[in-house]
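Now for the letters of each chain:
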2 protein chains.
Amino acid sequence: MEIIKTIKQMQSYSREQQRLGKTIGLVPTMGYLHEGHIELVKAARKENDIVIVSIFVNPIQFGVGEDFDIYPRDLKRDSQLLEKENVDVIFNPEGEEMYPAGYNTFVEVSGEITTKLCGASRPGHFRGVTTVVSKLFNTCLPDKAYFGQKDAQQVMVIEKMVKELNFPLTIVRVPIIREKDGLAMSSRNTYLSDELRKEALLLNQSLIKGKQAIENGEKDVEKVKKLIQDYIKTSPNANIDYVEILSGEDLSDLSDLSELKGKILIALAVKFGNTRLIDNQLVEV
Amino acid sequence: MEIIKTIKQMQSYSREQQRLGKTIGLVPTMGYLHEGHIELVKAARKENDIVIVSIFVNPIQFGVGEDFDIYPRDLKRDSQLLEKENVDVIFNPEGEEMYPAGYNTFVEVSGEITTKLCGASRPGHFRGVTTVVSKLFNTCLPDKAYFGQKDAQQVMVIEKMVKELNFPLTIVRVPIIREKDGLAMSSRNTYLSDELRKEALLLNQSLIKGKQAIENGEKDVEKVKKLIQDYIKTSPNANIDYVEILSGEDLSDLSDLSELKGKILIALAVKFGNTRLIDNQLVEV
């Protein structure tokens, strides 16, 4: 396994693989890997000749006062994990390599898809994501790129970007991986005290309650939202950012579920102390 | 020579050429080709195995009230010209193919480089250009893409975008091609009456006067600008949009030329009736 630090080297590596007729799978990450990431890597390993994992804590997707500085980093541990998964290359550029002085080019998906949910509480976040992902695509030249369903809105935004800018690649969605007790895997779980970690189990539990209500025939979106919110509010430290029930196709609003066919996304973001966690469930109707 | 109308077909053609180890040169145009375009095509033909010319009048780079609807189009004549130059493919998508309903993804280079000169009088223009060029790059997958120095600011913006988004390709600049009487070639010259066409010769003449003044040692930018402006104002129908003298490296302001090394860009935009023409000269100091 190779660790590549510069865009130029990464690009010529990938160009060479293309010339040799090899397919490339890319798993973009911010490092501090957990089993959720490893699931993405395993999927990429199964479907491609070459697997590249990028590890880059992308400054431009963090807002002022967010956790960029304290976001957990451990390249040594990450490398050991990826070595075991037979990854070919870790692409691990420095901030200056990705955003040199005077950097000023951005890729943006406009509209509801980026202004709702996390877009509402984290302005500029998705612009940072689509910009860095475009740079990673152009640098690593993947045939397929792997993203977790945990960041449901993120993967929808990236799919829209890929389609609309005509990137020559396929996005593969990988389901959420959870701890045994149901907490969705996240590098940010490491911020939680034992007490808050216990309270955070409410997130998945509340989503399951909402999902069951819909599956049992509840058609009123507001009632399902309230059920979830009320459940979360039983936690003394939970601070709801949003609980939303939207179309799983394009994040459009749903008021009544009677007419709907296709996927419904139940998504939430809740703060426990300073730690903001997200989770979601897709419901087929 | 093949004419390809869909993104999917164009992309799989280019992918196949890549697999065969062929290099691809792309000449992005809005059609109604003149000798300036043909110069770009000849350069591409010399340096690549495969030459693709895209012909697409890009709606999103035109402002409200600009000439999108009347922009000249003649695919038949363009095809004949390109056939003679041994072009391999014309990529000629419809508007709906490039921007289907709900389209909402944009690439933008921010800062001075896009807000000065044409960016000041055509807000949103360069966002339209960088977006369509990104789409064309992802669709045609060129190793090299050819742009004319006539649109000096455009090529600088695109070079910055390519560098900052890490597109895996090289931009080649091709010098301005002029009519025998000095008028810079442009598809928009066709809008001019005989009378206005004669007056438009002032543009190149005034640029040469400015260039000579600098080469003869004039250090005061404002004096050179005034020289050019006064010369243009001798035309009864000329309406100056801008006359600017800026760094040819990054469009930064220059007040005094004494310290400067490198290239100076003298650029202008002038309206003759409803026809807005641009021209420029690079001066080495």
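As recorded in an unreviewed UniProt entry, chain A goes by Pantothenate synthetase and comes from Candidatus Syntrophocurvum alkaliphilum. UniProt, in its Subcellular location (unreviewed entry) section for chain A, records the words "Cytoplasm". Per UniProt, the comment on chain A under Function (unreviewed entry) is "Catalyzes the condensation of pantoate with beta-alanine in an ATP-dependent reaction via a pantoyl-adenylate intermediate."

Asks: When you look at the overall build of chain A in this model, what are you seeing that I'm missing?
Replies: From N to C terminus, chain A includes 11 helices and 10 strands. For chain A, the C-alpha radius of gyration of 19 Å lies close to 19 Å, the compact-globule estimate for 285 residues. Taking the contacts inside chain A whose residues are at least 6 apart along the sequence as the reference set, 74% of them involve residues at least 24 apart. Carbon and sulfur atoms provide 47% of the accessible area of chain A, an area that totals close to 12,600 Å². Once the 37 positive and 42 negative side-chain charges of chain A are each reduced to a mean point, those two points are 2 Å apart.

Asks: Looking at this structure, I do not really get the relation of the copies chain B and chain A. What am I missing?
Replies: Here the two chain copies are tied together by a rotation about an axis and a shift along that axis. When chain B is fitted onto chain A, the two copies agree to an RMSD of 0.0 Å after a turn of 180° and an axial shift of 0.0 Å. Expressed as an axis order, the relation between the two copies is that of a two-fold axis. When C-alpha positions in chain B are compared against the rotation axis, the closest is assigned to V107 of chain B, at 2.3 Å. With an isologous cut-off of 70% or more, the 100% of interface residues of chain B that recur at the interface of chain A puts this contact in the isologous class.

Asks: Would you mind showing me how to read the packing of aromatic side chains here?
Replies: Both the distance between ring centres and the angle between the ring planes are used here to describe each pair of aromatic rings. Applying the stated rule across the entire model yields 12 aromatic pairs over all chains. Here the aromatic rings of F137 of chain A and F167 of chain A are separated by 5.4 Å at their centres, their planes lie at 75°, and the arrangement is edge-to-face. Pair noted here: F137 of chain A is in helix 7 (residues 125-140) and F167 of chain A is in the loop between helix 8 (152-165) and strand 7 (170-174), with a separation of 30 residues, a long-range link. Across this residue pair, the class does not change: F137 of chain A and F167 of chain A are buried. A ring pair is formed by F62 of chain B and F68 of chain B, whose centres lie 5.4 Å apart and whose planes are at 65°; its orientation type is edge-to-face. Through a chain of ring-to-ring contacts, three or more aromatic side chains come together here, namely F56, Y99, Y103 and F106 of chain A. Sitting above the plane of the F106 of chain A ring, R127 of chain A keeps its charged end 3.8 Å from the centroid.

Asks: Honestly, the pairing of strand 7 (residues 170-174) of chain B in this entry has me stumped. Any pointers?
Replies: If a strand is regular, its side chains alternate between the two faces of the sheet. Residues and elements named next belong to chain B. With five bridges connecting them, strand 6 (residues 144-148) and strand 7 associate as parallel partners. The residue bridging K144 from the neighbouring strand is T170, located in strand 7. What joins strand 6 to strand 7 is helix 8 (residues 152-165), and the crossover it makes is right-handed.

Asks: I'm lost on the interface of chain B and chain A in this one. Help?
Replies: A common measure of how large an interface is: the accessible area buried when the components associate. In this complex, chain B contributes 29 residues to the contact, which on the side of chain A involves 29 residues. Taken together, the two surfaces of chain B and chain A that pack against each other cover about 2,500 Å², and 43% of this comes from carbon and sulfur. Applying the counting criterion to the chain B and chain A interface returns two salt bridges. For D143 of chain B, the salt bridge goes to R15 of chain A, with nearest N and O atoms at 4.0 Å. Summed over the shared surface of chain B and chain A, the result is 22 residue pairs in polar contact (both at pLDDT 80 or more). Elements with a minimum of two residues in the side of chain B that touches chain A: helix 1 (7-19), strand 5 (105-109), helix 7 (125-140) and helix 8 of chain B. Residue classes in the side of chain B that touches chain A are distributed as 11 nonpolar, 12 polar and six charged. Sheet topology note: the strand 5 (residues 105-109) of chain A/strand 5 of chain B ladder contains five bridges and is antiparallel. Residue E108 of chain A lies in a different strand from strand 5 of chain B, and its bridge partner there is F106 of chain B.

Asks: What should I look at first to understand the sheet that holds strand 1 (residues 2-4) of chain B in this one?
Replies: Strand-to-strand pairing in sheets goes through backbone hydrogen bonds, with the strands running parallel or antiparallel. Residues and elements named next belong to chain B. One open sheet accounts for six strands, arranged 1-4-3-2-6-7; its pairing is parallel. With one partner strand each, in any of the chains shown, strand 1 and strand 7 form the two edges of the open sheet. When the angles between neighbouring strand axes are averaged without regard to direction, this sheet yields 25°. Sheet topology places strand 1 next to strand 4 (residues 89-91); three bridges connect them, and they run parallel.

Asks: What am I meant to see in helix 8 of chain B here?
Replies: Since the α-helix turns once every 3.6 residues, residues separated by three or four places project in the same direction. Residues and elements named next belong to chain B. Taking 1.5 Å per residue as the helical rise, helix 8 with its 14 residues ought to reach 20 Å, and the 20 Å between its terminal C-alpha atoms agrees with that figure. Among the 14 residues of helix 8, 11 are classified as buried, and the element is accordingly described as predominantly covered. Taken residue by residue, helix 8 has A152, Q153, Q154, V155, M156, V157, I158, M161, V162, E164 and L165 as its buried positions. The first or second residue beyond helix 8 is N166, which carries a positive phi of 65°.

Asks: Looking at this structure, I do not really get the domain arrangement of chain A. What am I missing?
Replies: Residues and elements named next belong to chain A. Domain boundaries in chain A define domain 1 (2-174) and domain 2 (187-284). The straight-line distance from the C-alpha centre of domain 1 to that of domain 2 is 26 Å. Opposite the 22 residues of domain 1 that make contact, domain 2 presents 21 residues. In this assembly, domain 1 packs against domain 2 so that about 1,800 Å² is buried in total across both faces, 56% of it on carbon and sulfur atoms. Between domain 1 and domain 2 we count two salt bridges in total. For D67, the salt bridge is made with R188, and the minimal N-O distance between the two is 2.8 Å. Summed over the shared surface of domain 1 and domain 2, the number is nine residue pairs in polar contact (both at pLDDT 80 or more). For the side of domain 1 that touches domain 2, the elements supplying multiple residues, two or more each, are helix 5 (112-115), helix 6 (117-121) and helix 8.

Asks: In this structure, what is going on with the environment of P168 of chain B? I would like to understand it.
Replies: Relative to the assigned elements, P168 of chain B resides in the loop between helix 8 and strand 7. Through-space distance from the C-alpha of P168 of chain B to that of H34 of chain B is 29 Å; in sequence the pair is 134 residues apart.

Asks: Would you explain the UniProt feature "binding site: beta-alanine" (unreviewed entry) in chain A in this entry?
Replies: Residue and element names in this part refer to chain A. Sites flagged by UniProt as "binding site: beta-alanine" (unreviewed entry) map to Q61. With a relative accessible area of 10%, Q61 lands in the buried category. Non-local contacts of Q61, meaning those with residues more than four positions away in its chain, are made with M30, E66, R122, H125, G128, V129 and V132.

Asks: What am I meant to see in unusual backbone geometry here?
Replies: All names here are of chain B. A positive phi angle, close to 60°, is found at N86, a residue other than glycine. On the secondary structure map, N86 appears in the loop between helix 3 (75-84) and strand 4. If you check the backbone angles, L251 has positive phi at about 60° while not being a glycine. In this fold, L251 is placed in the loop between strand 8 (238-247) and strand 9 (263-272).

The rules behind the values
- Residues numbered from 1 in each chain as written.
- Chains lettered and ligands numbered in written order.
- Predicted model: local features only at pLDDT ≥ 70, side-chain atom pairs only at ≥ 80, totals over all residues.
- Heavy atoms only, no water.
- UniProt positions renumbered as here; feature names shortened; annotations may be inferred.
- Helix = DSSP H or I, 4+ residues; strand = E, 2+ residues; numbered from the N terminus.
- Rg over C-alpha atoms; globule rule 2.2 N^0.38 Å.
- Contact = heavy atoms within 4.5 Å.
- Areas by Shrake-Rupley, 256 points an atom, 1.4 Å probe, with all protein chains shown as cover.
- Lys, Arg positive; Asp, Glu negative; His and termini not counted.
- Charge placed at Lys NZ, Arg CZ, Asp CG, Glu CD.
- Least-squares fit on C-alpha atoms with pLDDT ≥ 70 in both.
- Phe/Tyr/Trp six-rings, centres within 6.5 Å; stacked < 30°, edge-to-face > 60°.
- Buried < 20%, exposed > 50% of the residue type's maximum accessible area, 1.4 Å probe, protein only.
- Lys NZ or Arg CZ within 6 Å of the ring centre and 35° of its normal.
- Pairing = 2+ DSSP bridges.
- Right-handed = clockwise from strand over helix to strand, strands pointing away.
- Buried area = accessible area lost by both parts, 1.4 Å probe.
- Salt bridge = Lys/Arg side-chain N within 4 Å of Asp/Glu carboxyl O.
- Polar contact = N/O pair within 3.5 Å; in protein donor to acceptor, adjacent residues only side chain to side chain.
- Nonpolar A, V, L, I, M, F, W, Y, C, P; charged D, E, K, R; others polar.
- Axes fitted to C-alpha atoms, helices over the stretch in contact; angles between N-to-C directions.
- Expected span 1.5 Å × (residues − 1).
- Domains from an automatic or database assignment.

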